[in-house]
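Chain by chain, the residues:
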Amino acid sequence: MAGTVTMYSTTWCGYCRRLKGQMDREGIAYTEINIEQDPQSAAFVEKANGGNQTVPTVLVVPEGGGSEVVMTNPSLAQVKQALAA
(Lines give C-alpha, C1' and ligand atoms only; values in the text may rest on other atoms or scores of the structure.)
Protein backbone atom coordinates (compact mmCIF):
# COMPACT_ATOMS: atom_id res chain seq x y z
CA MET A 1 0.00 0.00 0.00
CA ALA A 2 1.40 3.33 -1.01
CA GLY A 3 0.28 6.85 -0.41
CA THR A 4 0.28 9.20 2.53
CA VAL A 5 -1.70 9.08 5.74
CA THR A 6 -2.08 12.07 8.03
CA MET A 7 -3.79 11.59 11.37
CA TYR A 8 -5.15 14.63 13.18
CA SER A 9 -5.31 13.83 16.88
CA THR A 10 -4.97 15.00 20.47
CA THR A 11 -2.87 13.59 23.30
CA TRP A 12 -5.92 12.51 25.29
CA CYS A 13 -7.81 10.70 22.50
CA GLY A 14 -8.16 6.97 23.17
CA TYR A 15 -9.49 6.28 19.66
CA CYS A 16 -6.39 7.97 18.26
CA ARG A 17 -4.08 5.78 20.35
CA ARG A 18 -5.94 2.65 19.23
CA LEU A 19 -5.75 3.50 15.52
CA LYS A 20 -2.06 4.49 15.80
CA GLY A 21 -1.29 1.13 17.42
CA GLN A 22 -3.15 -0.74 14.70
CA MET A 23 -1.38 1.15 11.91
CA ASP A 24 1.98 0.61 13.63
CA ARG A 25 1.35 -3.14 13.80
CA GLU A 26 0.37 -3.21 10.12
CA GLY A 27 3.40 -1.17 9.06
CA ILE A 28 1.32 1.73 7.74
CA ALA A 29 3.37 4.92 7.91
CA TYR A 30 1.57 8.07 8.97
CA THR A 31 2.17 11.63 10.08
CA GLU A 32 0.46 12.66 13.29
CA ILE A 33 -0.59 16.25 13.90
CA ASN A 34 -1.85 17.37 17.30
CA ILE A 35 -4.69 19.80 16.61
CA GLU A 36 -4.27 21.37 20.06
CA GLN A 37 -0.84 22.62 18.97
CA ASP A 38 -1.63 23.53 15.35
CA PRO A 39 -4.50 25.99 14.75
CA GLN A 40 -4.48 25.43 10.97
CA SER A 41 -4.94 21.70 11.46
CA ALA A 42 -7.70 22.31 14.00
CA ALA A 43 -9.48 24.44 11.39
CA PHE A 44 -9.10 21.64 8.80
CA VAL A 45 -10.62 19.13 11.23
CA GLU A 46 -13.50 21.48 12.03
CA LYS A 47 -14.23 21.97 8.34
CA ALA A 48 -14.18 18.21 7.73
CA ASN A 49 -16.49 17.53 10.68
CA GLY A 50 -19.25 20.11 10.48
CA GLY A 51 -17.59 22.56 12.88
CA ASN A 52 -16.49 19.94 15.42
CA GLN A 53 -12.93 19.08 16.39
CA THR A 54 -13.55 15.33 16.16
CA VAL A 55 -10.47 13.12 16.29
CA PRO A 56 -9.06 11.02 14.91
CA THR A 57 -9.62 12.64 11.56
CA VAL A 58 -7.53 10.90 8.93
CA LEU A 59 -6.50 12.24 5.52
CA VAL A 60 -5.40 9.61 3.01
CA VAL A 61 -3.84 10.56 -0.32
CA PRO A 62 -3.38 7.43 -2.45
CA GLU A 63 -0.25 7.22 -4.56
CA GLY A 64 -0.77 7.44 -8.29
CA GLY A 65 -3.34 10.18 -8.56
CA GLY A 66 -6.26 8.78 -6.58
CA SER A 67 -8.63 11.17 -4.85
CA GLU A 68 -7.84 12.17 -1.30
CA VAL A 69 -10.14 10.76 1.36
CA VAL A 70 -10.97 12.35 4.71
CA MET A 71 -12.39 10.02 7.37
CA THR A 72 -13.51 10.55 10.95
CA ASN A 73 -12.62 7.80 13.43
CA PRO A 74 -12.01 5.25 10.68
CA SER A 75 -11.32 1.59 11.20
CA LEU A 76 -7.99 0.10 10.13
CA ALA A 77 -9.84 -1.60 7.26
CA GLN A 78 -11.14 1.77 6.04
CA VAL A 79 -7.62 3.25 6.09
CA LYS A 80 -6.31 0.27 4.12
CA GLN A 81 -9.15 0.54 1.61
CA ALA A 82 -8.49 4.27 1.07
CA LEU A 83 -4.78 3.60 0.52
CA ALA A 84 -5.58 0.90 -2.04
CA ALA A 85 -7.91 3.17 -4.05
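Notes on the structure follow. (Residues numbered from 1 in each chain as written. Predicted model: local features only at pLDDT ≥ 70, side-chain atom pairs only at ≥ 80, totals over all residues. Heavy atoms only, no water.)

### A short note on unusual backbone geometry
(1) Moving on: The residue after Val55, namely Pro56, is reached through a cis peptide bond having omega 0°.
(2) Moving on: Structurally, Pro56 can be placed in the loop between α2 (39-48) and β3 (57-62).
(3) Moving on: Of note, the phi angle at Asn73 is positive, near 50°, even though the residue is not glycine.
(4) Moving on: Among the secondary structure elements, Asn73 is positioned in the loop between β4 (69-72) and α3 (76-84).
(5) Moving on: Under the relative-accessibility criterion, Asn73 is labelled partly exposed at 32%. (Helix = DSSP H or I, 4+ residues; strand = E, 2+ residues; numbered from the N terminus. Buried < 20%, exposed > 50% of the residue type's maximum accessible area, 1.4 Å probe, protein only.)

### Side note on the side chain of Thr6
(1) Moving on: Position of Thr6 among the secondary structure elements: in strand β1 (residues 3-9).
(2) Moving on: With residues near it in sequence (within four places) discarded, Thr6 still touches Thr31, Ile33, Thr57, Val58 and Leu59. (Contact = heavy atoms within 4.5 Å.)

### Considerations on the environment of Thr31
(1) Moving on: Inspection of the secondary structure assignment puts Thr31 in strand β2 (residues 31-34).
(2) Moving on: Every residue in contact with Thr31, bar those within four places of it in the chain, is listed here: Val5, Thr6 and Met7.

### Observations regarding the environment of Val45
(1) Moving on: Residue position: Val45 is located in helix α2.
(2) Moving on: Between the C-alpha atom of Val45 and that of Val58, which follows or precedes it by 13 residues, the distance is 9.1 Å.
(3) Moving on: Filtering out sequence-adjacent residues up to four positions away, Val45 remains in contact with Tyr8, Ile35, Asn52, Gln53, Thr54 and Thr57.

### As for the packing of aromatic side chains
(1) Moving on: By the definition in use, this model includes 1 aromatic pair.
(2) Moving on: Plain terms: the ring middles of Tyr8 and Phe44 are 5.0 Å apart, the flat faces sit at 40° to each other, and that makes the pair tilted. Taken as a pair, Tyr8 in strand β1 and Phe44 in helix α2 lie far apart in primary sequence, 36 residues in all.
(3) Moving on: Relative accessible area serves as the criterion here: at 8%, Tyr8 is assigned to the buried category. (Phe/Tyr/Trp six-rings, centres within 6.5 Å; stacked < 30°, edge-to-face > 60°.)

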